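Listed below are the residues making up each chain.
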Amino acid sequence: VNHVLLALASSDDPGQLLPAREQMAFTLGFHIILVPFGLAFPFLMLVANYRGIRTGDALALLLARRWSKVAAVLFAVGAVSGTVLTFELGLLWPGLMGRFGAAYGIPFAVEGLFFFLEAIFIAIYIYGWDRLSPWAHFWSGVPVPLAGLGGTASVVAANSWMNLPGGFAMRDGRVVDVRPADVFFNGAFWYETLHMLLAAYVVAGFVVAGVYAAGMLKGRTDHYHRLGFLIAFTTAAVVMPVQIFVGDVAARQVFHKEPAKFAAMELVRGTSTHVPETLGGVLVDGHVRYGIHVPYAASLLAGFSPDTRIRGLDAIPEPFRPTPRQVTTTHLAFDVMVATGFALLGLAAWFGVSWLRRRDLPSSRWFLRGAAAAGVVAIVSLESGWVVTEVGRQPWTVVGFLLTRDAVTTSGNVWAFFLGTLAIYVAVGCGTVLVLRSMRRRWEGSSDEEVEVPYGPSRSQGSVR
Amino acid sequence: VSYLVAAGLVLGLLAYSMFGGADFGAGFWDLAAGGGVKGRARRALIDRSVAPVWEANHTWLIYCLVVMWTAFPGPFAAIMTTLYLPLGIAALGIVLRGSGFAFRKVTTRSDRARLSSTVFATSSVITPFAFGTVAGALASGRVPAGGNGPPVSSWINPSSLFTGVLAVALCAYLAAVFLAADAEGVMNRELRDWFSHRAWVAAMVTGALSVSGLFVAHADAERLYARLLDVAWPFVLLSIGLGLAALLLLGRMSPRLVRYLSSGAVGALVVAWAVAQAPYLLGTHAAITVSAAPHATLVTLSAIFVAAAAVVVPSLTLLYVLQQQARLEGE
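Parameters at a glance
- Residues numbered from 1 in each chain as written.
- Chains lettered and ligands numbered in written order.
- Predicted model: local features only at pLDDT ≥ 70, side-chain atom pairs only at ≥ 80, totals over all residues.
- Heavy atoms only, no water.
- Contact = heavy atoms within 4.5 Å.
- Buried area = accessible area lost by both parts, 1.4 Å probe.
- Salt bridge = Lys/Arg side-chain N within 4 Å of Asp/Glu carboxyl O.
- Polar contact = N/O pair within 3.5 Å; in protein donor to acceptor, adjacent residues only side chain to side chain.
- Helix = DSSP H or I, 4+ residues; strand = E, 2+ residues; numbered from the N terminus.
- Nonpolar A, V, L, I, M, F, W, Y, C, P; charged D, E, K, R; others polar.
- Phe/Tyr/Trp six-rings, centres within 6.5 Å; stacked < 30°, edge-to-face > 60°.
- Buried < 20%, exposed > 50% of the residue type's maximum accessible area, 1.4 Å probe, protein only.
- Lys NZ or Arg CZ within 6 Å of the ring centre and 35° of its normal.

**What about the interface of chain B and chain A?**
Line of reasoning, step 1. At the interface, 69 residues of chain B touch 64 residues of chain A.
Line of reasoning, step 2. At the boundary of chain B with chain A, total buried surface from both sides reaches about 5900 Å², with 75% on carbon and sulfur atoms.
Line of reasoning, step 3. Taken together, the links from chain B to chain A amount to zero salt bridges.
Line of reasoning, step 4. Connecting chain B to chain A are five residue pairs in polar contact (both at pLDDT 80 or more).
Line of reasoning, step 5. Of all the elements in the fold, those that place two or more residues in the side of chain B that touches chain A are α2 (36-50), α3 (54-71), α4 (73-82), α5 (84-106), α6 (110-139), α12 (288-291) and α13 (295-330) of chain B.
Line of reasoning, step 6. Of the residues forming the side of chain B that touches chain A, the biggest block, 19 residues, is contributed by α13 of chain B.
Line of reasoning, step 7. Across the side of chain B that touches chain A, the residue classes break down as 46 nonpolar, 17 polar and six charged.

Encoded structure:
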């Protein structure tokens, strides 16, 4: 505790640093939940659509139609919170944008293009119901997940650039010699992007499946609910093992390329070989407390041999060492991510075995209960992974070039801005839930045409005249 | 290349002020639509006009921010560290506006709808005002190149306050014309006349404001005033001409055509400002060529402009065709 207090007291951080970091964490944490629904949820929608056309299954088409409306609502919320994030990058982190915008801005410019396309094609898809021929309509939806993929990759490109900045040189404090392709495809781009894209499919799949699992627990085991469950759950279950594999590869990439972050993730204090894997545990007074140690496991995982040498926190020069609290946060978030990931893998395996044996869901109600909870678990996993990459980068904003305390704004009362943002986001969050629930209630009364969505054609035209 | 990208930035501003402006203004009329059955019909028209495009228009704003921070990072940081108050208000206003509108459209309960409505309308007025003060601060050179300028006097000053009011008036004017045109589209004479009348009043107010703006500029932003009359006068004249033409023709010819005239008047005003301000980004300092990002960044941005035009235009056309079809079905 002493160490924490010392670190807090001794720092000459501007007063804006803490609220700015909290606000960024909060708004990004909110926004990242919406990402899977712009990227992977439209894919589920297209699967349902495809099935509906192929097998003439009217209920599959109904699912696709309803999902497209949910996607529109969530996309609109995501667009709005994305707009705020754009402002925040400038308002909270002028040191970052002002000094590095010439390089860091490029992925965002690319993202803008994809965002535009996605917005347009979501609208086309929603307007296209009953106006385009079934296959033309299906194909008009295909650009949506593709644009989502491009957009997500672009934003992750910007984030990974902060972890492994490349594609530019600094002269007199100015960015020069920009090589746009190297900025975008920086050293951390591939593993971060792949991990995030798969995470989006895991989250969207489990959350949507969870909704229908909850319905089935209440006794709605009709074809419609089963189909909604199966499309979403199968997608997540197929992606889950791939995600575990990619996550493992990504961790090793972090070991090689971002040793400081790896040391925090694995809670490695001193550089050594035969490093144990610490499960749980916190860093107090420079010592690891309360963890369970699995001998050699960290070294084995990092380099397939107990002799693998892992650079510890002591290898980081003193002024750039993360605080014990940041290390503990990164480490625990990493543990939570891995644990929830494996829990989801277990659920997926249960489903897989049952399906291979009997072409049916596991009959146990516990499976449905697990599936109903899986959505929340997947979101927890996503958030933890994001905490690992963000907190694990501290005290840097751009590793090796810009400290977070130099990136933050030095003017204004950020707490007030934060409180305003917080209040509005809470309202938006509650509003979104209310809207989705009222849509569901109306669907249960099965009157589809009365549900109005942003981007959708208006049904209230009668009252205009 | 830096001028090319700066032109791209102005294009984004232009699009945002014309399309986004009409959106904001629709919120203004929502506030002034009155109650009862008539008010409901007016709001229904506003819903109908804003709905298909409401988010696409804010993309222009994001576009401007992204181009600004990538191409001119220094001035961008200067603006953000000085004008954080109005910009913060605008950012929160946009969230409130967007969500208020979306929820009004989906919610069925009338108390919730009324709350969403109020939120949507109020923030539609506050946001353009805040943006206007930012424009005024830039035009009168109140943002220092190094940033961290005075947080209050940079946007609470004659030029900024004036531009804020002007922005609200411009939005209301544009929206009234657009809504009158849409009312004609659905063959509703009563609504068309109501909005035409409002457009006429808004046009008078906006015109009077614009003229008095020259006096404000003369007193408060000398360089802008001199350059407006010196270099940018063709655009000033164009704006006045288009505005007058729109005013005269309003009520005599189809609002659908007047729409283009009034958009043009607003657009010309934005271009006049941009031309008067060149070659400086911050009104009186921070030259475009000096504060621009390295060449490769600017070239990349230009390439993205081209790609966007190539991909977005055809897909937008498809969407437009489908929307027209949807309208035809509704009629």
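**Describing unusual backbone geometry**
All names here are of chain A.
Line of reasoning, step 1. The omega torsion across Gln394 and Pro395 is 5°, close enough to zero to call that bond cis.
Line of reasoning, step 2. Its location among the elements puts Pro395 in the loop between α14 (365-391) and β7 (396-398).
Line of reasoning, step 3. Phi is positive for Asp130, close to 70°, though the residue is something other than glycine.
Line of reasoning, step 4. Position of Asp130 among the secondary structure elements: in the loop between α5 (94-128) and α6 (134-141).
Line of reasoning, step 5. Unlike most non-glycine residues, Phe304 shows phi in positive territory, near 65°.

**Section: the pattern of salt bridges**
Line of reasoning, step 1. Under the counting rule described, the total for this entry stands at eleven salt bridges over all chains.
Line of reasoning, step 2. In this structure, Arg179 of chain A engages Asp182 of chain A in a salt bridge whose closest nitrogen and oxygen atoms are separated by 2.9 Å.
Line of reasoning, step 3. Notably, a salt bridge pairs Asp23 of chain B with Arg97 of chain B, separated by 4.0 Å at the nearest N-O pair. Note that Asp23 of chain B is positioned in helix α1 (residues 2-31) and Arg97 of chain B in helix α5, a separation of 74 residues in sequence.

**Overview of the packing of aromatic side chains**
Line of reasoning, step 1. Inspection of every chain in the model, using the stated rule, returns 47 aromatic pairs over all chains.
Line of reasoning, step 2. Aromatic pair Phe189 of chain A and Trp190 of chain A: ring centres 4.9 Å apart, planes at 80°, arrangement edge-to-face.
Line of reasoning, step 3. Residue class for Phe189 of chain A comes out buried when judged on its relative accessible area of 3%.
Line of reasoning, step 4. Ring pairing ties together the aromatic residues Phe100, Tyr104, Phe108, Trp161, Phe168 and Phe401 of chain A together with Trp69 and Phe76 of chain B, which thus form one cluster.
Line of reasoning, step 5. Stacked on the ring of Trp366 of chain A, the Lys or Arg Arg369 of chain A has its end atom at 4.6 Å from the ring centre.
Line of reasoning, step 6. Here the basic side chain of Arg259 of chain B rests over the ring of Tyr260 of chain B, its NZ or CZ set 5.6 Å away from the ring centre.

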